[in-house]
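A look at the structure
Take a look at the letters that make up each chain.
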Amino acid sequence: MDMRKLVGRNVKRIRQEKGLTQEQLADLSGFSQQYISGLEQGRRNPTVVSLCELAMALGVSHMELVRSVDDE
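Residues numbered from 1 in each chain as written. Predicted model: local features only at pLDDT ≥ 70, side-chain atom pairs only at ≥ 80, totals over all residues. Heavy atoms only, no water.

Moving on: the overall build of the protein chain. When helices and strands are counted, the protein chain shows 5 helices and 0 strands. For the protein chain, the N- to C-terminal ordering of α and β elements is α-α-α-α-α. Expected size for 72 residues packed as a compact globule is a radius of gyration near 11 Å; at 11 Å, the protein chain falls within 12% of this value. Dimensions of the protein chain, computed from C-alpha atoms along their principal axes, come out at roughly 30 × 20 × 20 Å. Burial analysis of the protein chain (72 residues in total) assigns 39% to the buried set. In the protein chain, the proportion of contacts linking residues at least 24 apart, taken out of those at least 6 apart, comes to 57%. Accessible area of the protein chain: about 4400 Å², with a carbon and sulfur share of 49%. (Helix = DSSP H or I, 4+ residues; strand = E, 2+ residues; numbered from the N terminus. Rg over C-alpha atoms; globule rule 2.2 N^0.38 Å. Buried < 20%, exposed > 50% of the residue type's maximum accessible area, 1.4 Å probe, protein only. Contact = heavy atoms within 4.5 Å. Areas by Shrake-Rupley, 256 points an atom, 1.4 Å probe, with all protein chains shown as cover.)

Shown next, in the form of structure tokens:
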């Protein structure tokens with residue numbers, strides 16, 4: 001699977017599990033809602049720093065954002 005799509009799916013899944021809207025995640029992470037939306041759709045190519053900042057905002061390890069669900 002494309003890494004951008006994998007990260008996007010994981011961000012969306014974890015965000016929804018935490019009961020957060022894209023706007024709320026944007027506020028927590030410092031990224032725009034448009035960036036979060038593009039990321040979740042697999043259109044953004046996040047940097048390592050961005051992944052770490054998003055993981056901190058979501059309260060998970062950065063590895064959760066790059067892990068395939070097949071790894072479970």
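With that out of the way, let us pick up the confidence of the model for the protein chain. Taken residue by residue, the protein chain gives an average pLDDT of 94. The fraction at 70 or more is 94%. The lowest-confidence element of the protein chain is helix α5 (residues 62–66), averaging 95 in pLDDT; the highest-confidence one is helix α3 (residues 33–40), averaging 98. (pLDDT = per-residue confidence, 0-100.)

Take helix α2 (residues 22–29) next. Within α2, the full set of buried residues consists of Gln 22, Leu 25, Ala 26 and Ser 29. For α2, the arc enclosing every buried residue in end-on projection is 105°, short of the 170-degree limit, so these residues lie on one face. The outward face of α2, more than 90 degrees from its buried face, is lined by the exposed residues Asp 27 and Leu 28. Of the surrounding secondary structure, the elements contacted by the buried residues of α2 are α1 (3–17), α3 and α4 (48–58). The first or second residue beyond α2 is Gly 30, which carries a positive phi of 90°. (Arc of directions from axis to C-beta.)

Glancing now at the nonpolar core. Val 11, Leu 25, Ile 36, Leu 39, Leu 54, Leu 58 and Leu 65 are the most contacted members of the largest nonpolar core, which has 16 residues in total. Residues in contact with Leu 65, not counting those within four places in the same chain, are Leu 6, Val 7, Asn 10, Val 11, Ile 14, Leu 51, Leu 54, Ala 55, Leu 58 and Val 60. (Core = buried A, V, L, I, M, F, W, Y, C linked by side-chain atoms within 4.5 Å.)

Moving on to the packing of α2 against α3. Running from amino to carboxyl end, α2 crosses α3 at an angle of 115°, the nearest separation of the two axes being 8 Å. If you check the angle between α2 and α3, you find them roughly perpendicular. In this structure, the crossing between α2 and α3 has a hand that is right-handed. Only Gln 33, Ile 36, Ser 37 and Glu 40 of α3 make contact with α2, whose side of the interface consists of Gln 22, Glu 23, Leu 25, Ala 26 and Ser 29. Residues of the contact of α2 with α3, tallied by class, amount to 3 nonpolar, 4 polar and 2 charged. (Axes fitted to C-alpha atoms, helices over the stretch in contact; angles between N-to-C directions. Parallel < 35°, antiparallel > 145°, perpendicular 65-115°, else oblique. Left-handed = near helix turned anticlockwise from the far one by under 90°. Nonpolar A, V, L, I, M, F, W, Y, C, P; charged D, E, K, R; others polar.)

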